[in-house]
Amino acid sequence: MPTEVQEETFTLEEVLAGLKEMHRLILWNDDVNTFEHVIWCMMKYLDYNESQAEKIAWKVHNEGKCAVLEGSFTEMEVYRKILQQEGLTVSVD
């Protein structure tokens, strides 16, 4: 006796909504990057203004890390790779 398989279809919006579990992009302190470089990267790639980017740089310096972006895992991975190519120490949480 053949097994019946019921096929389900999903819209693109439904698939993307399922991927939207929130993840955070974490910027870590290191002894390599300057404040200026961190600020420049935050402004160029994450659209922070100079004041916001400076606050992030100080928070990373003083606390060791800072969540700089939130979104789906796929989105965070894209930004992680970009910022790593710029020499920053980042991870996805």
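Just above sits the structure.
First, a word on scope: everything that follows refers to the structure included in this document. All values derive from a computational prediction rather than experimental measurement.

Attention now goes to helix H3 (residues 50-63). Over its 14 residues, H3 extends 20 Å from the first C-alpha to the last, a length consistent with the 20 Å expected when each residue adds 1.5 Å. Inspection of H3 places Ala 53, Ile 56, Ala 57 and Val 60 among the buried residues, and these make up the whole buried set. For H3, the buried positions fall inside an angular range of 100° around the axis, keeping them on one side. Along H3, exposed side chains directed more than 90 degrees from the buried face belong to Lys 55, Asn 62 and Glu 63. Along its buried surface, H3 packs onto strand E1 (23-28), helix H2 (35-46) and strand E2 (65-71). Downstream of H3 by a residue or two, Gly 64 has a phi angle that is positive, lying close to 95°.

Scoring rules and cut-offs
Residues numbered from 1 in each chain as written. Predicted model: local features only at pLDDT ≥ 70, side-chain atom pairs only at ≥ 80, totals over all residues. Heavy atoms only, no water. Helix = DSSP H or I, 4+ residues; strand = E, 2+ residues; numbered from the N terminus. Expected span 1.5 Å × (residues − 1). Buried < 20%, exposed > 50% of the residue type's maximum accessible area, 1.4 Å probe, protein only. Arc of directions from axis to C-beta. Contact = heavy atoms within 4.5 Å.

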